[in-house]
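# Notes for the structure review
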Amino acid sequence: MSPRVIAADWSGAARGEARHLWLASVDPTTHQLLSLENASRQQAADRLIAAADRDPDLLVGLDFGFSLPAWFLRARRIASAAELWADVTRLESWLAACEPPFWGRPGCRRPSGPPEQHWRRTELAVTPRPKSVFQIGGAGAVGTASLRGMPVLARLRAAGFAVWPFDEPRPPVVAEVWPRLFAPTVVKSRRPARAAWLAMLPGLSAPLRERAEASADAFDAVVAAIGLSGTSPPSGVPDPIAQLEGWIWGVPFG
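Please read these numbers as outputs of a predicted model, since none were measured by experiment.

## Looking at the packing of helix α8 (residues 191-198) against helix α10 (residues 216-228)
In a pair of packed helices, the angle between the axes and the distance between the axes together describe the arrangement. Interaxial distance between α8 and α10 falls to 11 Å at its minimum, and their mutual angle equals 25 degrees. Taken together, the axis directions place α8 and α10 in an arrangement best described as roughly parallel. The crossing of α8 and α10 is left-handed. Residue-level contacts link Arg-194, Trp-197 and Leu-198 of α8 to Ala-216, Phe-219, Val-222, Val-223 and Ile-226 of α10. For the contact of α8 with α10, the per-class residue count stands at seven nonpolar, no polar and one charged.

## A word on helix α4 (residues 88-97)
For α4, the set of buried residues is Leu-91, Trp-94 and Leu-95. One side of α4 carries all its buried residues, which in axial view fall inside an arc of 100 degrees. Away from the buried face of α4 by more than 90 degrees, exposed residues Thr-89 and Ala-96 are located. On its buried face, α4 sits against α2 (70-75), α3 (81-86) and α7 (143-158). Looking one or two residues past α4, Cys-98 carries a phi angle of roughly 50 degrees, positive in sign.

## Some thoughts on the packing of aromatic side chains
Counting across every chain of the model gives 14 aromatic pairs. Note on Phe-64 and Phe-66: the rings are 5.2 Å apart at their centroids and 45 degrees apart in plane angle, and the pair reads as tilted. Judged by its relative accessible area of 2%, Phe-64 is buried. Seen in terms of ring centroids, Phe-72 and Phe-102 are 5.7 Å apart; in terms of plane orientation they differ by 90 degrees. Their pairing is edge-to-face. Here Phe-102 lies in the loop between α4 and α5 (115-118) and Phe-72 lies in helix α2, a separation of 30 residues in the sequence. The burial state of Phe-72 is the same as that of Phe-102; both residues are buried. These aromatic residues form a ring-pair network of at least three members: Trp-71, Phe-72, Trp-94, Phe-102 and Phe-134. A cation over an aromatic ring shows up here: Arg-129 above the ring of Trp-119, its NZ or CZ 4.7 Å from the ring centre.

Definitions and cut-offs
Residues numbered from 1 in each chain as written. Predicted model: local features only at pLDDT ≥ 70, side-chain atom pairs only at ≥ 80, totals over all residues. Heavy atoms only, no water. Axes fitted to C-alpha atoms, helices over the stretch in contact; angles between N-to-C directions. Helix = DSSP H or I, 4+ residues; strand = E, 2+ residues; numbered from the N terminus. Parallel < 35°, antiparallel > 145°, perpendicular 65-115°, else oblique. Left-handed = near helix turned anticlockwise from the far one by under 90°. Contact = heavy atoms within 4.5 Å. Nonpolar A, V, L, I, M, F, W, Y, C, P; charged D, E, K, R; others polar. Buried < 20%, exposed > 50% of the residue type's maximum accessible area, 1.4 Å probe, protein only. Arc of directions from axis to C-beta. Phe/Tyr/Trp six-rings, centres within 6.5 Å; stacked < 30°, edge-to-face > 60°. Lys NZ or Arg CZ within 6 Å of the ring centre and 35° of its normal.

Written out as structure tokens, the structure reads:
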């Protein structure tokens, strides 16, 4: 039987993040959406740990970057992703300063440079390309959610989760997801487009449909959970660069 799936559309908001952070749960047998709810970052971690206590055969997908480009980590003598996640003060200082290579805040323009300076290898392997983790402001920015999500990875690992691809993918396992992989043609900012995609899901209750239609954030959580449902863990752990930078679940290695 496939594992139970919970996916989150994450938020890096400094205040009120629960308005934008959604958790979606999918039944492992029917692949139907079971729940869709808001949570703060702390509440989300609490609920994921509690869910794994009840059902260790759990696959969790989190919609943020699990690490940063290898060149950046090496330049700052950060030897592993776990070391990156552990220093909350450093993560917050990068957000506060918005110094190159970070960008996106008012007055902080994107630095020049080749793609390899802005994106991880897993992002370079996807078309269209996800936003850079270095972008911490502006439309579609994922950097703030990523830097404020990384400490949650440390907490989940300490609670017994494997964090893929840094650990062998044994349950319970948490992996990085990009919802657009599972709904590449949907313009999620448009409610009619969200409604059309949701209409294809069998057995979706009216309250859950309304919740997912009403919010692009909630919709992303549903897309990620449905997309992960029925997938199998990759065999083994990828090469050292991917073990440092992370990898998006479902993107072929190359």
